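Here is how the chains run, residue by residue.
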Amino acid sequence: MAHAFTPGLKVSEKAVIYKERRLPLKGEVVVKIGDKVKADDIVAKTAIPGDVETLNIAGRLGVSPEDVKEFLKVKVGQEVNKDDVIAETNGFFGLFKTVIKSPITGSIENISGITGQMILRHPPKPIEIDAYIDGYVTEIIENEGVKVQTKGTFVQGIFGIGGEARGEIMRIAKSNDSVITENDITSNCKGKVLIAGAFIDVKTLRKAVSVGAKGIVVGGIDDRDIKEFLGYDIGVAITGSEKKGITLIVTEGFGQMSMAKRTFEILSSHEGEVASINGATQIRAGVLRPEVIIPNFNLKDEDLSSVDSSSGIKVGHNVRIIRAPYFGLIGKVTKLPPELEKIETEAKVRILEVELNDGRKITLPRANIELIEE
Amino acid sequence: MIKPEEIKSIVATDCGSTTTKAILIEKKEDGYRLIVRGEAPTTVEAPFEDVTRGVLNAVTEVEELANKEILDGENFIKPYKDKNHGIDIYISTSSAGGGLQMMVAGVVKTMTAESAARAALGAGAIVMDTIASNDGRQMHEKIERIRTLRPDMILLSGGVDGGTISHVAELSEIIAAADPKPRFGSTYKLPVIFAGNKDAREIVKNNLGEKTDLFIVENLRPVLERENLKPARDKIHDLFMEHVMAQAPGYKKLMSWTDVSIMPTPGAVGLLIEKIAKKNGIEVLGVDIGGATTDVFSVFQEIFNRTVSANLGMSYSISNVMASSGIKNIMRWIPFHMDEKEVRNRIKNKMIRPTTIPQTIEDLQLEQAIAREALRLALEQHKTMAVSLKGVQQERTISDTFNQTQSGATLVNMETLNMIVGSGGVLSHAPRRVQSAFMMIDAFLPEGFTMLTVDSIFMMPQLGVLSQVHEQAATEVFDKDCLIRLGTCIAPIGNAKKYGSSCITVSFNGNTKEVKYGEMALIPLGVGEKMKIKVKPEKNFDMGEGNGKEVTKEVEGGVVGLIIDARGRRPFTLPEDNKLRVEKLTEWNKVLGTYPEIK
């Protein structure tokens, strides 16, 4: 391979953040370039075509499909109200008429002379998207949406559930390696984005939902607790559409894992400020990770670091180990030998040497670390 | 194009969703041989958005490794000049951009709709959904489904020739009402292939001619007793290139470089497996286990079938293997005690960081336990699709009374199967080859005599498309450089009451070896070596000739040797007792030398 690519999770206090806000299909953009927007402001809206209903006209009238057209009272494309007559037979001297009324308010989509089916469509459903973060509109995607830019803190998690939410940051764990319990969740947590430590169990998670917390950011969680919370096993890692009353962002992984110290400190230092969070995760080509964004318009441009993950691993980089037996430990790269080396499994792989925070030096496959991005 | 007999040098690439792989094949004194292989990240997505960048990078690596000039800027140097300059042909396959995603429709779910699904799968597509007149969904539900899935292409079948017209009309009305938009770009209309009742063509044309890009081919089920899938499959291949891939970034340029059409990767693998089976007159089962999906190919009774299990794989889909098989089924293969909580967390951690690799033996054993379940489930799904035609009236004679074959019964028969070909990271790159052999034995449970092989570096796609241009070159390279023979698995069918009872006795070259029920054994026999072996099963075991009947057969060795599996079949079970289970797994691993000793 040309080079091993090890994108890390981004944790930055001084980031420029762009968010694309796009409609699911074409519509109208309601803001202009340069507009200052609040997270809740609507930036674009559209209407999606209504659902369809089918009606077996031939069957209901008791006629053959090709004869249906003789009895129709409506045309394709015509708008109808619920209970409008759409077809009727002449009956017998005006008696015993069969009358078919529209089951919905909507329009006539199609009438088939072969199957005798009519397709009706409900009126379009309006859809609006908001800005999600406080910021400025920097780009208009014609008829589809906008790009919003903001400055501030940007923290990526590794896995999440639940969609976009907003709330004030509130730290409930004493430290990055402590474990919170149900008692740490009080009515004060209502509407807040809670910063927990190394672990949360399903009971505590449920308590957070019951008091009305908006979100929880935590180092680790057991998979079986997630299963119990959701009621099913997560198969493919595509999340974000769960409706469980809370957005959960896991920063390190599954199991009890201290939140990276820096992540914990940065998040804690913004206590009381409003964060935009999203648990949506997609682990596929074009990976999507959950995130916490805390806008800060006081940052000066010269302080900003643009978030770029294109550089490879170098000696001196801080890395997080992401696989057993050293899972979760953090260290510094000390050697990057180019040759393949045999590891315990007897596989020949590219390795690196890492000095752990406690001074131990270990070697491990390059595939098993990730860069801690500043 | 150059005549096949004049071809001396070939470059073939496979543009996968993450990696583009290039191989160089040249004619040597001993026939066509693989010279080198190069790879580079695929460049379909941002920031490059041009698949040819990755192709050029991969070919450049081939140039460096082979010390040969192949490219002049962005042009292939053609024809072959000498061993350091030029090639004769360039060919490629592709599965980048999510491969080919299709929906199929037919009148009866188990008949024309199933035939349509088989045609699409055989062409290398992922079948997102199968719509049938009798699938139990309301018309509006079907319409919504088509609209939300946004397939690349729809294959519409239905009705034998001279059969139902109204149902086919209804299906075409559903498609028209959904007015589906293709995945890539909105500048072209969605391709729809109609391969149904020829009497319904005019109606389908009226309903779909304007709204979609409609193509009409021969009926894929002209009569109930016969499938005619080739015209539909060929059309899918044509449209895949012209309409689907041509929309993906860089493909127009790539198409102008290749000497024959680019094929969907699984379509090319299928073609190769089909040809190998035909050429050698054998039954073959092929499997490609990837990170997200697992493909299974088979040729039984000369009938080719392919299925893709879209959510069974070893990285992106690893957690779905657990969700589908259940945690208990994965844990039964782990040869030590591990807490369920820990197993769950490790699997989920691999899901969220799919590019990591096992560093410890323990972790490797867990990963190979999961692979066993992924492979087992993929074969289960394959068995339900690789079936004889349903709805066929069978004439029966008296002799059939005792040998009834149901219509719709699976074609997959592990007893008559001759060869298993495994490929994909977990099988091709297992640190010891015996690990691949053992995974395939546990997952597929071959019966009787079965040759186990792996594709060493996964070049079956390139060889598949090459087989269209130069069959000899493709099969020579396949035999000599691609396929690694692991050895023959010898497994009697049947069970005894308890472990340690007599099961089989094998005699070879003046030696005799008894293998008891519940045991495994390994007999050394190297690559290319063959020998006659006499296998005498006990009275409740069958080696293919009936219970207790002795069988003599010539068997071939491989890098592992002859593996005798006397653990029972129909059913195969592992001990319920946890302690005994771990003991037996440890014993089998020790006999086969599956893992290094942990210090």
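Residues numbered from 1 in each chain as written. Chains lettered and ligands numbered in written order. Predicted model: local features only at pLDDT ≥ 70, side-chain atom pairs only at ≥ 80, totals over all residues. Heavy atoms only, no water.

A look at the overall build of chain A
Here is step 1: The helix and strand inventory of chain A stands at four helices and 29 strands.
Here is step 2: Within chain A, the fraction of its 374 residues that count as buried is 49%.
Here is step 3: For chain A, contacts bridging at least 24 residues in sequence account for 64% of all contacts bridging at least 6.
Here is step 4: Of the roughly 17,600 Å² that chain A leaves accessible, carbon and sulfur atoms contribute 48%.
Here is step 5: Each charge class in chain A was averaged separately, 50 positive and 53 negative side chains, and the resulting centres sit 1 Å apart. (Helix = DSSP H or I, 4+ residues; strand = E, 2+ residues; numbered from the N terminus. Buried < 20%, exposed > 50% of the residue type's maximum accessible area, 1.4 Å probe, protein only. Contact = heavy atoms within 4.5 Å. Areas by Shrake-Rupley, 256 points an atom, 1.4 Å probe, with all protein chains shown as cover. Lys, Arg positive; Asp, Glu negative; His and termini not counted. Charge placed at Lys NZ, Arg CZ, Asp CG, Glu CD.)

Section: the packing of helix 11 (residues 340–352) of chain B against helix 12 (residues 361–385) of chain B
Residue and element names in this part refer to chain B.
Here is step 1: Look at helix 11 against helix 12: their axes get within 11 Å of each other, and the N-to-C directions meet at 80°. As judged from the angle between their axes, helix 11 and helix 12 are roughly perpendicular. Each of Val343, Arg346, Ile347 and Lys350 in helix 11 lies in contact with helix 12, whose residues at this interface are Glu362, Asp363, Leu366, Glu367 and Ile370.
Here is step 2: For the contact of helix 11 with helix 12, the per-class residue count stands at four nonpolar, no polar and five charged. (Axes fitted to C-alpha atoms, helices over the stretch in contact; angles between N-to-C directions. Parallel < 35°, antiparallel > 145°, perpendicular 65-115°, else oblique. Nonpolar A, V, L, I, M, F, W, Y, C, P; charged D, E, K, R; others polar.)

Comments concerning unusual backbone geometry
Here is step 1: Cis peptide bonds are those with omega within 30 degrees of zero, and the linkage from Ala324 of chain A to Pro325 of chain A qualifies with 10°.
Here is step 2: Cis rather than trans, the peptide bond between Arg570 of chain B and Pro571 of chain B has omega equal to 0°.
Here is step 3: Structurally, Pro571 of chain B can be placed in the loop between strand 26 (562–566) and helix 17 (578–592).
Here is step 4: Although it is not a glycine, Asn143 of chain A adopts a positive phi angle of roughly 60°.
Here is step 5: As for its placement among the helices and strands, Asn143 of chain A is situated in the loop between strand 12 (135–141) and strand 13 (145–156).
Here is step 6: In this structure Asn143 of chain A comes out as partly exposed when scored by relative accessible area, which is 37%.
Here is step 7: With respect to the secondary-structure elements, Arg570 of chain B resides in the loop between strand 26 and helix 17.

Notes on the pattern of salt bridges
Here is step 1: This model, assessed by the stated rule, comprises 64 salt bridges over all chains.
Here is step 2: Arg53 of chain B is the partner of Glu74 of chain B in a salt bridge, and the nearest nitrogen-oxygen pair spans 3.5 Å. With Glu74 of chain B in the loop between strand 4 (71–72) and strand 5 (75–76) and Arg53 of chain B in helix 1 (residues 51–66), this residue pair connects regions lying 21 residues apart in the sequence.
Here is step 3: The class for Arg53 of chain B is partly exposed, based on a relative accessible area of 33%.
Here is step 4: Linking Arg570 of chain B and Glu447 of chain B is a salt bridge whose minimum nitrogen-to-oxygen distance equals 2.6 Å. Taken together, the residues Arg570 of chain B in the loop between strand 26 and helix 17 and Glu447 of chain B in the loop between helix 14 (433–444) and strand 17 (448–455) connect sequence positions 123 residues apart.
Here is step 5: A relative accessible area of 53% means that Arg570 of chain B is categorised as exposed.
Here is step 6: Relative accessible area serves as the criterion here: at 7%, Glu447 of chain B is assigned to the buried category.
Here is step 7: A cluster of three or more residues bridged by salt bridges with shared partners is formed by Arg323 of chain A together with Glu342, Arg346, Lys350, Glu362, Asp363 and Glu367 of chain B. (Salt bridge = Lys/Arg side-chain N within 4 Å of Asp/Glu carboxyl O.)

Quick notes on helix 11 of chain B
Here is step 1: For helix 11 of chain B, with 13 residues, the first-to-last C-alpha span of 19 Å sits near the 18 Å given by 1.5 Å per residue.
Here is step 2: Listed as buried for helix 11 of chain B are Val343, Arg344, Asn345, Arg346, Ile347, Lys348, Asn349, Lys350, Met351 and Ile352 of chain B. (Expected span 1.5 Å × (residues − 1).)

Focus on the pairing of strand 20 (residues 247–254) of chain A
Taken residue by residue, a regular strand's side chains alternate between the two faces of the sheet.
Residues and elements named next belong to chain A.
Here is step 1: With respect to burial, strand 20 is a largely interior element, eight of its eight residues being buried.
Here is step 2: Two elements, strand 14 (residues 159–161) and strand 20, share three bridges in a ladder whose sense is antiparallel. The residue bridging Gly160 from the neighbouring strand is Ile249, located in strand 20.
Here is step 3: Pairing analysis gives six bridges linking strand 18 (residues 215–221) to strand 20, with the strands arranged parallel. Within strand 20, the position partnered with Ile221 by the bridge is Phe254. (Pairing = 2+ DSSP bridges.)

Digging into the nonpolar core
Here is step 1: Phe159, Leu194, Ile216, Leu248 and Val292 of chain A together with Leu427 and Phe444 of chain B are the most contacted members of the largest nonpolar core, which has 108 residues in total.
Here is step 2: The element best represented in this core is helix 12 of chain B, accounting for nine residues.
Here is step 3: Excluding anything up to four places from it in sequence, Val292 of chain A contacts Thr153, Phe154, Val155, Val217, Ile249, Leu267, Ala275, Ser276 and Ile277 of chain A.
Here is step 4: Within the second largest apolar cluster, 52 residues are counted, among which are Val62, Tyr90, Ala125 and Ala195 of chain B. (Core = buried A, V, L, I, M, F, W, Y, C linked by side-chain atoms within 4.5 Å.)

Topic: the interface of chain B and chain A
Here is step 1: Tallying the contact residues gives 48 residues for chain B and 58 residues for chain A.
Here is step 2: A combined buried area of about 4,500 Å² lies between chain B and chain A, and 55% of that area is made up of carbon and sulfur atoms.
Here is step 3: Considering only the side of chain B, the residues that lose the most area to chain A are Ile352, Arg353 and Gln359 of chain B, jointly responsible for 17% of the buried surface there.
Here is step 4: Our count for the contact surface shared by chain B and chain A stands at nine salt bridges.
Here is step 5: A salt bridge links Asp233 of chain A to Arg344 of chain B, with the shortest nitrogen-to-oxygen separation between them at 3.1 Å.
Here is step 6: The tally of links from chain B across to chain A stands at 23 residue pairs in polar contact (both at pLDDT 80 or more).
Here is step 7: Taken together, the elements giving at least two residues each to the side of chain B that touches chain A come down to strand 3 (31–41), helix 3 (139–149), helix 4 (166–178), helix 9 (318–325), helix 11 and helix 12 of chain B.
Here is step 8: When residues of the side of chain B that touches chain A are assigned to their parent elements, the largest contribution, nine residues, is made by helix 11 of chain B.
Here is step 9: The residue makeup of the side of chain B that touches chain A, split by class, is 19 nonpolar, 13 polar and 16 charged. (Buried area = accessible area lost by both parts, 1.4 Å probe. Polar contact = N/O pair within 3.5 Å; in protein donor to acceptor, adjacent residues only side chain to side chain.)

Everything listed here is a matter of coordinates, which is why it stays silent on function.
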